[in-house]
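# Inside the fold
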Amino acid sequence: KDEKYLKHCESSRTSTKRKHKAVDCEWACLPQELLLHIFQYLPLLDRAFASQVCRGWNQAFHMPELWRCFEFELNQPASSYLKATHPDLIKQIIKRHSNHLQYVSFKVDSSTESAEAACDILSQLVNCSLKTLGLISTARPSFMEVPKSHFISALTVVFVNSKSLSSLKIDDTPVDDPSLKVLVANNSDTLKLLKMSSCPHVSPAGILCVADQCHGLRELALNYHLLSDELLLALSSEKHVHLEHLRIDVVSENPGQHFHTIKKSSWDAMVRHSPKFNLVMYFFLYEDEFGPFFNDEIPVTHLYFGRSVSKEVLGRVGLHCPRLVELVVCANGLRPLDEELIRIAKHCTQLSAIGLGECEVSCSAFVEFVKMCGRRLSQLSIMEEVLIPDHKYSLDEIHWEVSKHLGRVWFPDMMPTW
Amino acid sequence: MAPNSIHWFRKGLRLHDNPALEEAVLGAGTVRCVYFLDPWFAGSSNVGVNRWRFLLQCLEDLDASLRKLNSRLFVIRGQPANVFPRLFKEWKISRLTFEYDSEPFGKERDAAIKKLAMEAGVEVIVKISHTLYDLDKIIELNGGQPPLTYKRFQTLISRLDPPELPVETLTDSQIGRCITPVSEDHEDKYGVPSLEELGFDTEGLPSAVWPGGETEALTRIERHLERKAWVANFERPRMNANSLLASPTGLSPYLRFGCLSCRLFYFKLTDLYRKVKKNSSPPLSLYGQLLWREFFYTAATNNPRFDKMEGNPICVRIPWDKNPEAFAKWAEAKTGFPWIDAIMTQLRQEGWIHHLARHAVACFLTRGDLWISWEEGMKVFEELLLDADWSVNAGSWMWLSCSSFFQQFFHCYCPVGFGRRTDPNGDFIRRYLPILRGLPAKFIYDPWNAPVSVQVAAKCIIGVHYPKPMVHHAKASRLNIERMKQIYQQLSRYRGLGLLASVPSTNGNGNAGMMAYSPGEQQPGTNSGASGNSVATSNGSGSILLNFDSEEQTGQSRHGQQQHSDQSHQLTWGYHSVPDTSQTVTSSRLHHEFAVPQHPGLLLHSRSEITGKRERESEREGLGEEPSSCSLHKMQRQSTEVSINPHPSLSATITPEGYSIKQVMFKL
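Residues numbered from 1 in each chain as written. Chains lettered and ligands numbered in written order. Predicted model: local features only at pLDDT ≥ 70, side-chain atom pairs only at ≥ 80, totals over all residues. Heavy atoms only, no water.

An unreviewed UniProt entry annotates chain B as Cryptochrome-1-like of Gouania willdenowi.

An unreviewed UniProt entry lists chain A under the name F-box domain-containing protein, with Gouania willdenowi given as the organism. The Pathway (unreviewed entry) field of the UniProt record for chain A holds the comment "Protein modification; protein ubiquitination." (UniProt positions renumbered as here; feature names shortened; annotations may be inferred.)

Let us look at the overall build of chain A. Along chain A, the regular secondary structure elements total 16 helices and 14 strands. Counting over 418 residues, chain A shows a buried share of 63%. Relative to all contacts within chain A whose residues are 6 or more apart in sequence, the contacts with residues 24 or more apart total 71%. Approximately 15900 Å² of chain A is accessible, and the part contributed by carbon and sulfur atoms is 54%. Of the charged side chains in chain A, 44 are positive and 50 negative, and the gap between their average positions amounts to 10 Å. (Helix = DSSP H or I, 4+ residues; strand = E, 2+ residues; numbered from the N terminus. Buried < 20%, exposed > 50% of the residue type's maximum accessible area, 1.4 Å probe, protein only. Contact = heavy atoms within 4.5 Å. Areas by Shrake-Rupley, 256 points an atom, 1.4 Å probe, with all protein chains shown as cover. Lys, Arg positive; Asp, Glu negative; His and termini not counted. Charge placed at Lys NZ, Arg CZ, Asp CG, Glu CD.)

This part covers the sheet that holds strand 4 (residues 95-99) of chain B. Residue and element names in this part refer to chain B. The parallel open sheet is built from 5 strands, whose spatial order is 3-2-1-4-5. Two strands in the sheet have a free side with no partner beyond their single neighbour: strand 3 (73-77) and strand 5 (123-127). Each strand of the sheet is rotated relative to its neighbour by a mean of 25°, with strand direction disregarded. Relative to strand 2 (residues 30-37), strand 1 (residues 4-9) is paired through 6 bridges, and the arrangement is parallel. Among the inter-strand pairings, Ile-6 is bridged to a residue of strand 2, identified as Arg-32. (Pairing = 2+ DSSP bridges. Axes fitted to C-alpha atoms, helices over the stretch in contact; angles between N-to-C directions.)

Before going further, it helps to spend a moment on the pattern of salt bridges. Within this structure, the stated rule accounts for 39 salt bridges over all chains. For Lys-11 of chain B, the salt bridge identified is with Glu-103 of chain B, shortest N-O distance 2.9 Å. Within this pair, whereas Lys-11 of chain B is found in the loop between strand 1 and helix 1 (19-25), its partner Glu-103 of chain B is found in the loop between strand 4 and helix 4 (104-119), the two being separated by 92 residues in sequence. When its relative accessible area of 9% is taken as the criterion, Glu-103 of chain B is described as buried. Residue Arg-220 of chain B is joined to Glu-216 of chain B by a salt bridge in which the shortest nitrogen-to-oxygen separation is 2.7 Å. Residue Arg-220 of chain B and its partner Glu-216 of chain B are located together in helix 9 (residues 214-231), separated by 4 residues, close to a single helical turn. Looking at Arg-220 of chain B, the relative accessible area reads 3%, which means it is buried. One connected set of salt bridges, linked through shared partners, spans Asp-172, Arg-247 and Asp-249 of chain A together with Arg-478 and Glu-482 of chain B. (Salt bridge = Lys/Arg side-chain N within 4 Å of Asp/Glu carboxyl O.)

Residue and element names in this part refer to chain A. Covered by surrounding structure in strand 13 (residues 379-382) are Gln-379 and Ser-381 together with Leu-380 and Ile-382, the residues of both alternating faces. Bridging between strand 11 (residues 353-358) and strand 13 involves 4 bridges; their strand directions are parallel. Bridging from a neighbouring strand, Ile-354 pairs with Leu-380 of strand 13.

It is worth spelling out unusual backbone geometry at this point. Located in the positive-phi region is Asp-172 of chain A, a residue other than glycine, with phi close to 55°. One can find Asp-172 of chain A in the loop between strand 4 (167-169) and helix 9 (177-187). Backbone geometry at Lys-459 of chain B places phi at a positive 55°, although glycine is not the residue there. Residue placement: Lys-459 of chain B occurs in the loop between helix 20 (452-457) and helix 21 (473-492). Residue class for Lys-459 of chain B comes out exposed when judged on its relative accessible area of 67%.

Attention now moves to helix 15 (residues 363-373) of chain A. All names here are of chain A. The buried fraction of helix 15 is high, at 8 of 11 residues. Close packing links the buried residues of helix 15 with helix 14 (338-347), strand 11, strand 12 (361-362), strand 13, strand 14 (387-388) and helix 16 (395-406). Phi turns positive, to about 65°, at Gly-374, one or two residues after helix 15.

Using the residue numbers shown here, the UniProt feature "binding site: FAD" (unreviewed entry) corresponds to Gln-289, Leu-290, Leu-291, Trp-292, Arg-293, Glu-294, Phe-295, Phe-296, Asp-387, Ala-388 and Asp-389 of chain B. In this structure, Gln-289 of chain B sits in helix 12 (residues 288-300). Filtering out sequence-adjacent residues up to four positions away, Gln-289 of chain B remains in contact with Thr-417 of chain A together with Ser-252 of chain B. Judged by its relative accessible area of 4%, Ala-388 of chain B is buried. If sequence neighbours within four positions are ignored, Ala-388 of chain B has contacts with Arg-51, Arg-256, Phe-381, Glu-382 and Asn-393 of chain B.

Residues Glu-196, Glu-197, Asp-201 and Glu-203 of chain B make up a contiguous surface patch of negative charge. Considering the arrangement of structural elements, one finds Glu-203 of chain B in the loop between helix 8 (186-190) and helix 9. (Patch = residues over 30% accessible without salt bridge, like charges linked within 9 Å, V, L, I, M, F, W, Y side chains within 5 Å.)

A separate point is the packing of aromatic side chains. A full pass over the atoms with the stated rule returns 62 aromatic pairs over all chains. Look at Phe-306 of chain B and Trp-390 of chain B: their rings are 6.1 Å apart centre to centre, the planes differ by 50°, and that puts the pair in the tilted class. One end of the pair, Phe-306 of chain B, is in the loop between helix 12 and helix 13 (324-331); the other, Trp-390 of chain B, is in helix 17 (residues 390-400), and 84 residues separate them in sequence. For the residue pair Phe-306 of chain B and Trp-390 of chain B, the accessibility class agrees, reading buried in each case. Through a chain of ring-to-ring contacts, three or more aromatic side chains come together here, namely Tyr-224, Phe-259, Phe-283, Phe-290, Phe-293, Phe-294 and Phe-305 of chain A. Looking at Arg-47 of chain A, its charged tip hangs above the ring of Trp-67 of chain A, at a distance of 5.8 Å from the centre. Directly above the aromatic system of Phe-411 of chain A lies the positively charged group of Lys-151 of chain B, at a separation of 4.1 Å from the ring centroid. (Phe/Tyr/Trp six-rings, centres within 6.5 Å; stacked < 30°, edge-to-face > 60°. Lys NZ or Arg CZ within 6 Å of the ring centre and 35° of its normal.)

The biggest cluster of nonpolar side chains holds 287 residues, and the ones touching the most others in it are Phe-106, Leu-133, Leu-303, Phe-305 and Phe-366 of chain A together with Trp-330 of chain B. When neighbours within four sequence positions are excluded, Trp-330 of chain B is seen to be in contact with Thr-335, Ile-340, Met-344, Val-361, Phe-364, Leu-365, Leu-370, Gly-377, Val-380, Phe-381 and Trp-397 of chain B. (Core = buried A, V, L, I, M, F, W, Y, C linked by side-chain atoms within 4.5 Å.)

The next point concerns the confidence of the model for chain B. Residues and elements named next belong to chain B. With 72% of its residues at a pLDDT of 70 or more, chain B has an overall mean of 76. Counting contacts from residues 506-668, a segment whose pLDDT is below 50, to residues more than four positions away or on other chains yields 403 contacts. Scoring of the predicted complex yields 0.83 for pTM and 0.88 for ipTM. (pLDDT = per-residue confidence, 0-100.)

Residues and elements named next belong to chain B. Within strand 1, 6 of the 6 residues are buried, which leaves the element mostly enclosed by the surrounding structure. Because side chains alternate across strand 1, one face comprises the buried residues Asn-4, Ile-6 and Trp-8, and the other comprises Ser-5, His-7 and Phe-9, equally buried. Handedness of the crossover is the feature at issue here: the chain leaves strand 1, passes through helix 1, returns alongside strand 2, and the resulting connection is right-handed. When strand 1 meets strand 4, the two strands line up parallel, connected through 4 bridges. The residue bridging Ser-5 from the neighbouring strand is Arg-95, located in strand 4. (Right-handed = clockwise from strand over helix to strand, strands pointing away.)

Residue and element names in this part refer to chain A. It is at 9 Å that the axes of helix 14 and helix 15 come closest, and there the two elements cross at 5°. One finds that helix 14 runs roughly parallel with respect to helix 15. On the side of helix 14, the interface is formed by Asp-338, Leu-341, Ile-342, Ala-345 and Lys-346, while helix 15 contributes Ala-365, Glu-368, Phe-369, Met-372 and Cys-373. Grouping the amino acids of the contact of helix 14 with helix 15 by side-chain chemistry returns 7 nonpolar, no polar and 3 charged. (Parallel < 35°, antiparallel > 145°, perpendicular 65-115°, else oblique. Nonpolar A, V, L, I, M, F, W, Y, C, P; charged D, E, K, R; others polar.)

Residue and element names in this part refer to chain B. Here helix 13 has its buried residues at Ala-326, Phe-327, Trp-330 and Ala-331. Buried residues of helix 13 fall within an arc of 135° about the axis and therefore sit on the same side. Turned more than 90 degrees off the buried face of helix 13, the exposed positions are Pro-324 and Glu-325. Where helix 13 is buried, its residues meet helix 14 (338-350), helix 15 (355-368), helix 16 (374-384) and helix 17. Of the residues flanking the end of helix 13, it is Ala-333, one or two places downstream, whose phi is positive at about 60°. (Arc of directions from axis to C-beta.)

On to the sheet that holds strand 6 (residues 219-223) of chain A, then. Residue and element names in this part refer to chain A. Pairing is parallel in the open sheet, where 12 strands are placed in the order 1-2-3-4-5-6-7-8-9-10-11-13. Whereas interior strands pair on both sides, the edge strands pair on one side only; in this sheet they are strand 1 (69-74) and strand 13. Looking at each pair of strands side by side, their axes are set apart by 10° on average, direction ignored. Note that strand 5 (residues 193-195) and strand 6 share 3 bridges and pair parallel. Each residue of the ladder has a partner; that of Lys-195, found in strand 6, is Ala-221.

And the structure:
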């Protein structure tokens, strides 16, 4: 098809008819800005085809504006169903466009090979100044399999050369304290976002150094073991901008693990400094590990319980989480959560989203909960099995009743009867 | 001259409610009922012994019932397309009847046979009796596309006439003078083969937990109804330890092979309900299982790639891991999670597992723990599960892996807690994993946590007699939830913090801008995530279609902004030199081109998104408000329009791109 098109162009070019020439001329003279605008809507492959039409279009193809963003996909046929970015394309980009790259991400599959390939590319990005960098493992944390030194040296190349990194997403990688120091030394003025959940080689001191130096940091994601009173105080210091999002993953490595507590005063300092900040917490704990949590007021806004959580803890949530906006409970024992939900509705006046998986709630209590929250419940995802019919409502009746209070049609989530 | 008929059995292995069979004998001189041992049938190459045994028992039962009518079953070895022309000639056939098969491969096969028959001057009569409804009618009512949510499906069928009544069982009087010529060597030529003849090793094969055949099916349905009548409760039974075991009232394998007519089941349920509940008319939920089956049949009938991720317009592309070792552990019940392993053992031994047990193992294999493609799991079920319908099997796997049908993905079943809640004592585990028998209930779901002394006393050392758990569930679910969230945010273009809002839910969920803005994640630069249209999302309220009234929506967004952060502020600081909107579009294209999860139904939003509205399938019509149901129609059509023509530029480029890019790049 494209060949035909090319031939057509050629023939029209050689055509003697003036009219054709005029048309031709107009196409070739399309201003670069316009061409750029059009190219921006074309997928890379189509742009590549178009670039063969004429010199002007070929030049347009290489305009820096078209190469600011790039996502490298590194997959091996043995470990992924998805295609990878072609090696020749990668070569081309490094050769001709690496200085244009600003927003770069790497998606790697579960193989170490792919993660290593990503590191190899990173270490060649010497003459570019990235603004954002994302390292994303799409299946398993494969960057963790790369020799740490290899990973660190590749990442340091970017840290040292890009003096204006503003966001960095390096979850599940072997990044360590010294490399964070390099990041801070070169990008402290620009860094706004740092996501580093499950980075086992970083210590609380390492992340504290980032918080101390990068006063523009607005968004941070890390695991609970890196969270300290000092860190919260550093983030709420006068020099620091308002924090917008803080995400904490609380993951238990072994059953019965002990978790430290964070002082209420530290959280208070955070809220005073950044009154609107979102605190997102993901809990993946055994039921008996919740001891240190929710005993005092905590400014959490989004709360996710990935494993079973006891009635007692949910009761504490109802008492101590006044800023709660979203609550997801994946599982709970077989005792109905009636009082807990009512308490949450009463005390968590910002609550607008709730999801319940393997839990039980009586229909009456659920209706009461919805009534109390009313229309601010914009997300209400409740598995059908969660709702226990009682003397007041059957399963068929409840969706009407809930819809009435929500002001929109609502149904429980269903799973297929297979 | 009275016609000579063939009735061709495929599914629908029964004499009751078999309208095509009725047509075969009607006024016919001779009738022959044939069954082909046909590789097309459920892909015989990978069907396990339990399924073959079930099938052969069905055929024996059919043959026995036909004998009572002075007829026989003709089991023909070979492929229909090869054999039919000969049969037409040899038996001087002028009429061929069979039950309508709605599944894409069946339709293709039947079209070919119809053509052969036409060429041979044979009249073909096809009747619908495997499904309650004419699926094409449902699709037509939905504007030409299958509904993608169960709620929508329910709405559609509530507008249709009730299913047709089942026809009577074939009787002597119906057969009348119609005879079946049976030769002396019938048994040799056309008899039902044994498992041994088919090459199965049957030594030590335990007797069937699920005996096949129409007779058994009819006994079971009576028992099933008796029990329901006795309980007099028509709600979905709550799960307990007992429900995990094969029940003598279970019907699913019989529905799958058509030993039991779904219409007969449907009307028996209706009658019973009316009798017990007096005058009230039965709710749709009464027919749950039947309607789910119908739902997946409808979704699959025009989609030959329904059982695949690639090229399947309704399937989200998820970057599943290829990991043959891990997969084998799952399939062979060696995961080290007793709950999962017991279920997989039951499946292999008996050919049936409870539907929540299916959820548990499917979730574990895919989005819950192992992050392995649902297609792999589906193939194992196809081999082992007696009731594995092509449509229902693939559809349920897509559902469970959150690959389609807009599912909330936080509902992950815990491989320890879920079982423990269902069967606290662990009897189910001890039954199927005798090695764990000695363990106390406290540790039977997580034996690796048992102290060594307990393991020694139980004569089961974890890591020696029974494997250690193959994954760290807490860590795996943290990773997988994150991944799902990423994929769904990309689809829904939702960039906020909320987990629930990232799923394009079917329950009018306005995420209403509240959490719809997370500056860190939405910079257009990172082509990862929803590289596309993030800009559009960030200014839009991210709200959904069904704005109950738009005022309220905006009200909510305002509220949200106040509550969280000042959006304009965020927008100004955000990643200076942020490329403009068009740039974002480019990146999205580029991104799709490089192959990432795409959901056709949602892709189209890229256009509508500019206006800040997200359009989704809704169930507004639940309240019967016409205007919105119209808009729903439109949306449905829109979302499926794309499925039919799944962005040629996107899907087409994905495959050949490797090479073409290369060639092009060289020429530059």
